[in-house]
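In case you want the letters, here they are:
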Amino acid sequence: MEYGYVRVSTREQNERRQLAALWEFGIEEDRIYMDKQSGKNFERAQYQRLLGRLERGRYTCRQKY
């Protein structure tokens, strides 16, 4: 099973391009986690929630820019 994560720094920024890229990978909307806050640390609610869903050592990370 694959999951996706989207982050934008401010509420004014648009996440649509990142969402479109995840949808191209076939990631379903209910498996996409999204935060709208600064990137200064990883104490982001949805990012932490995503990590909680993953089994330690049993996942890989793919990035698309």
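Note: the structure precedes this text.
Criteria and cut-off values
Residues numbered from 1 in each chain as written. Predicted model: local features only at pLDDT ≥ 70, side-chain atom pairs only at ≥ 80, totals over all residues. Heavy atoms only, no water. Helix = DSSP H or I, 4+ residues; strand = E, 2+ residues; numbered from the N terminus. Buried < 20%, exposed > 50% of the residue type's maximum accessible area, 1.4 Å probe, protein only. Contact = heavy atoms within 4.5 Å. Areas by Shrake-Rupley, 256 points an atom, 1.4 Å probe, with all protein chains shown as cover. Phe/Tyr/Trp six-rings, centres within 6.5 Å; stacked < 30°, edge-to-face > 60°. Core = buried A, V, L, I, M, F, W, Y, C linked by side-chain atoms within 4.5 Å. Salt bridge = Lys/Arg side-chain N within 4 Å of Asp/Glu carboxyl O. Polar contact = N/O pair within 3.5 Å; in protein donor to acceptor, adjacent residues only side chain to side chain.

Chemist: Before we move on, can you summarise the overall build of the chain with the specific residues and values?
Modeler: Each helix and strand counted, the chain has two helices and two strands in total. Reading the helices (α) and strands (β) of the chain from amino to carboxyl end gives β-α-β-α. Within the span of the chain, comprising 65 residues, buried residues form 22% of the whole. The long-range fraction of contacts in the chain, counting pairs at least 24 apart against all pairs at least 6 apart in sequence, stands at 54%. Carbon and sulfur atoms provide 44% of the accessible area of the chain, an area that totals close to 5600 Å².

Chemist: Describe in detail the packing of aromatic side chains, supporting the description with residues and values.
Modeler: For the structure shown, the criterion picks out two aromatic pairs. Ring geometry for Tyr-3 against Tyr-33: centres 6.3 Å apart, planes inclined by 45 degrees, an arrangement best described as tilted. Linking Tyr-3 in the segment before strand S1 (4–8) with Tyr-33 in strand S2 (residues 32–36), this pair joins segments that are 30 residues apart in sequence. Taking the centre distance of 5.2 Å and the plane angle of 70 degrees together, the rings of Tyr-5 and Tyr-47 count as edge-to-face. On the criterion of sequence distance, the pair formed by Tyr-5 in strand S1 and Tyr-47 in helix H2 (residues 45–53) is long-range, its members being 42 residues apart.

Chemist: Talk me through the nonpolar core; I want residue IDs and the actual numbers.
Modeler: Counting five residues, the largest nonpolar core is built from Val-6, Leu-19, Leu-22, Ile-27 and Ile-32. Excluding anything up to four places from it in sequence, Leu-22 contacts Gly-4, Tyr-5, Val-6, Ile-27 and Ile-32.

Chemist: Help me get a handle on the pattern of salt bridges, residues and values and all.
Modeler: Taken as a whole, this structure holds two salt bridges when the rule is applied. Between Lys-36 and Glu-15 there is a salt bridge, with the nearest N and O atoms lying 3.2 Å from each other. Linking Lys-36 in strand S2 with Glu-15 in the loop between S1 and helix H1 (16–24), this pair joins segments that are 21 residues apart in sequence. Across the pair Arg-31 and Glu-28 runs a salt bridge, and its minimum N-O distance is 3.4 Å.

Chemist: For the side chain of Glu-15, give the residues involved together with the corresponding values.
Modeler: On the accessibility criterion, Glu-15 (15% relative accessible area) is buried. At a separation of 3.2 Å, a polar atom in the side chain of Glu-15 contacts the side chain of Lys-36. Excluding residues within four positions of it along the chain, Glu-15 makes contact with Val-6, Val-8, Met-34 and Lys-36.

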